[in-house]
Amino acid sequence: MEITTRLHLLDLVRRAQQATAAHTAAVRAAARAATATAQARAHADELAQQRPTAQDPEQASDELDEALAEYADRLRRLQSAKNKVARTFLAARTTNRTLSASYARHARGHARATSRDEIAADLLDELADTPLEMMDAAHAILVQSSAGKDSLVMLHRIATWAEKAGCLHKVVVIHIDLGEESEWPGVRELAQRQAERYGLRFHVLHAEGGLLGLVEKRGMWPDAARRLCTATLKRDVANKLLRQIAAELGLDAQAVILNCMGIRAAESPARSKKQRLAIDMRTSANSRLVLTWHPIFEVTDRDIWQEIATRALEYHPVYDALIPRLSCVFCVLAPFAVLVRAARLCWALGLPLPARYRDLEAKIGHRFKQSHSLAEVYGEAERLEREEGPLVWNRGDALRQHLCDGAADNYLARIALAA
Ligand code: SF4
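Bear in mind that the values here come from a model prediction, so they are computed numbers and not experimental data.

A. Highlighting the pattern of salt bridges. Within the structure shown, the criterion is met by 32 salt bridges. For R356, the salt bridge goes to E216, with nearest N and O atoms at 3.9 Å. Of this pair, R356 sits in helix α12 (residues 353-364) while E216 sits in helix α7 (residues 210-218); the two residues are 140 residues apart in sequence, bridging distant segments of the chain. You can call E216 partly exposed: its relative accessible area is 35%.

B. Spatial organisation of the environment of R105. By the secondary structure assignment, R105 is in helix α2 (residues 57-106). Using a relative accessible area of 47% as the deciding quantity, one classes R105 as partly exposed. With 47 residues separating them along the chain, R105 and E58 place their C-alpha atoms 71 Å apart.

C. Representation of unusual backbone geometry. We note that A147 has phi near 80 degrees; this positive angle belongs to a residue other than glycine. By the element assignment, A147 lies in the loop between β1 (140-144) and α5 (149-165). Classification of A147 as buried rests on a relative accessible area of 1%. We note that A312 has phi near 50 degrees; this positive angle belongs to a residue other than glycine. Relative to the elements of secondary structure, A312 occurs in the loop between α10 (301-311) and α11 (336-349). What makes A312 buried here is its relative accessible area of 11%.

D. A look at empty space enclosed by the protein. Overall, the coordinates contain two cavities of 30 Å³ or more when judged by the stated rule. If you add up the space inside the largest cavity, you get close to 60 Å³. Along its surface, the largest cavity is lined by L214, R218, M220, W221, P222, D223, R226 and L228. Considered as a void within the structure, the second largest cavity measures approximately 40 Å³ in volume. Along the walls of the second largest cavity sit F330, A343, P354, Y357, R358, L374, V377 and Y378, which together make up its complete lining. Elements that contribute at least two residues to the lining of the second largest cavity include exactly α12 and α13 (374-388). Of the residues that constitute the lining of the second largest cavity, the class distribution is seven nonpolar, no polar and one charged.

E. Seen up close, the UniProt feature "domain: Phosphoadenosine phosphosulphate reductase" (unreviewed entry) in the chain. As annotated in UniProt, the feature "domain: Phosphoadenosine phosphosulphate reductase" (unreviewed entry) corresponds to residues 141-331 in the numbering used here. Taken end to end, residues 141-331 comprises 38% helix and 17% strand; its first and last C-alpha atoms sit 28 Å apart.

F. Seen up close, the packing of α2 against helix α3 (residues 116-128). For the pair α2 and α3, the least separation of the axes is 11 Å and the interaxial angle reads 45 degrees. Viewed along their axes, α2 and α3 adopt a mutual orientation that is oblique. Crossing handedness for the pair α2 and α3: left-handed. Of the residues in α3, those in contact with N96, L99, S100 and Y103 of α2 are R116, I119, D122 and L123.

G. Inspection of the domain arrangement of the chain at higher detail. What the domain assignment lists for the chain is domain 1 (3-121), domain 2 (133-293) and domain 3 (309-418). Placing a centre on the C-alpha atoms of domain 1 and another on those of domain 2 gives a separation of 35 Å. Contact residues are listed per partner, giving 10 residues for domain 1 and 12 residues for domain 2. Taken over both partners, the interface formed by domain 1 and domain 2 buries close to 960 Å², and the fraction arising from carbon and sulfur atoms is 67%. The largest contributions to the domain 1 side of the interface with domain 2 come from I3, L7 and R14, which together make up 53% of the buried area. Across the contact surface, domain 1 and domain 2 share one salt bridge. Of the charged contacts, one joins E133 and R6 as a salt bridge, the two residues approaching to 3.8 Å between their closest N and O atoms.

H. Main features of the site of the ligand. Neighbouring the ligand are the residues L211, R227, C229, T230, K234, S327, C328, C331, V332 and L333. The dominant element in the shell around the ligand, judged by the number of residues it contributes, is helix α8 (residues 228-249), at three residues. Looking at side-chain class alone, the shell around the ligand contains six nonpolar, two polar and two charged residues. Three or more residues apiece are contributed to the shell around the ligand by two domains, here domain 2 (133-293) and domain 3 (309-418).

I. Focus on the packing of aromatic side chains. Scanning all chains against the criterion turns up nine aromatic pairs. With a centroid separation of 5.4 Å and an interplanar angle of 80 degrees, the aromatic rings of W305 and Y319 are classed as edge-to-face. With W305 in helix α10 and Y319 in the loop between α10 and α11, the pair connects residues that are 14 residues apart, well separated along the chain. Here W305 and Y319 have matching classes, each one buried.

J. Broad picture of a positive patch on the surface. A contiguous patch of positive charge, built from R227, K234, K274 and R325, is present on the exposed surface. Relative to the helices and strands, R227 resides in the loop between α7 and α8. Residue classification places R227 among the partly exposed residues on the basis of a relative accessible area of 30%.

Rules of the game
- Residues numbered from 1 in each chain as written.
- Predicted model: local features only at pLDDT ≥ 70, side-chain atom pairs only at ≥ 80, totals over all residues.
- Heavy atoms only, no water.
- Salt bridge = Lys/Arg side-chain N within 4 Å of Asp/Glu carboxyl O.
- Helix = DSSP H or I, 4+ residues; strand = E, 2+ residues; numbered from the N terminus.
- Buried < 20%, exposed > 50% of the residue type's maximum accessible area, 1.4 Å probe, protein only.
- 1 Å grid on protein atoms, 1.4 Å probe; cavity = no way out; pocket = protein on both sides within 12 Å on 5 of 7 lines; lining within 4 Å.
- Points joined across faces, edges and corners; volume = space filled by probe spheres on them.
- Nonpolar A, V, L, I, M, F, W, Y, C, P; charged D, E, K, R; others polar.
- UniProt positions renumbered as here; feature names shortened; annotations may be inferred.
- Axes fitted to C-alpha atoms, helices over the stretch in contact; angles between N-to-C directions.
- Parallel < 35°, antiparallel > 145°, perpendicular 65-115°, else oblique.
- Left-handed = near helix turned anticlockwise from the far one by under 90°.
- Contact = heavy atoms within 4.5 Å.
- Domains from an automatic or database assignment.
- Buried area = accessible area lost by both parts, 1.4 Å probe.
- Near = heavy atom within 4 Å.
- Phe/Tyr/Trp six-rings, centres within 6.5 Å; stacked < 30°, edge-to-face > 60°.
- Patch = residues over 30% accessible without salt bridge, like charges linked within 9 Å, V, L, I, M, F, W, Y side chains within 5 Å.
- Areas by Shrake-Rupley, 256 points an atom, 1.4 Å probe, with all protein chains shown as cover.
- Lys, Arg positive; Asp, Glu negative; His and termini not counted.
- Charge placed at Lys NZ, Arg CZ, Asp CG, Glu CD.

Written as structure tokens, this is what we have:
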């Protein structure tokens, strides 16, 4: 199947999903309207029964009139909600039928998919298997880079494929800077160097206030179930740029945008449920089809480090202090031991963040995590400092830990040569 046909069918999937979601929302709204109408009716009936025996007949009459007016208004709204259910049902049925018919026509001979989800999975799998073709068909390729090890390997792969496909000019690297009170020093500069290695365009977006600002404003820490930090500080900021880039393309036809992220299945059970390639329903629209692409989804931790070593890719030194992720210094998802190590690394680097975070926790009166507070993290870090002395590490320790001494020595020699 031609790639343009695949993309067209994916847009039909998007439209069908959107129409189905609109119908589901309309059904829910109609159910709520029906309940509100029944309540208004019951209230009016009650007042009507009470009126003959009311002490103040005039007031009782007024109240009944008001209740009847409310009931009439609710009835009107219920009818409107029912009309919307009917309209959205027809729209959903039409778009889903159009999709099935188009897919069957184009995929004749090898089509097995029947449901909308199967059709989407079939089309997305085929696309993800042909990255060069996909990049060639895209109008813009955004690479969201945290400068961490996964972003680094993803960026290397995207740049390599883009060069082969003659698409380097379409690639834009985006880095979201959460500020020095949230992140480790040198992250933004490193992200820029990583992008410049391939001659790619680089954009920094600033998430105002960073993690601390968000927590101070809300008076609570985010958690795994409500990762407001990711949504507010990263996703919303990136999506704004994504819409802007699509608009600037100024195409008459629908723009196809690849939004690349360095997420891997091995990172967590939640991430393993994601797909290599997915339609971004939130930012896609008739004018743009946005595909979220996880190009290193199936890569293991060891393979990430192997690729960093083999290609001599510059990684952030916090990994050498055996901090496993280049996230916020005190990430709400990090385990206790990592937070303790982060506090000790801050002290080794002369950063005031541990006390700043501990004090904020005390100020807002909301515990960092149910399982442990930042005060406990701070206390344990202090205890280890007393027992073991300040944290020490050497450049290359991450490679020594994940690969071997030889890989680290070879890497350091190559990095030194390139400098
Ligand atoms: S790194 Fe952790 S704390 Fe920072 S935004 Fe992501 S999930 Fe939230």
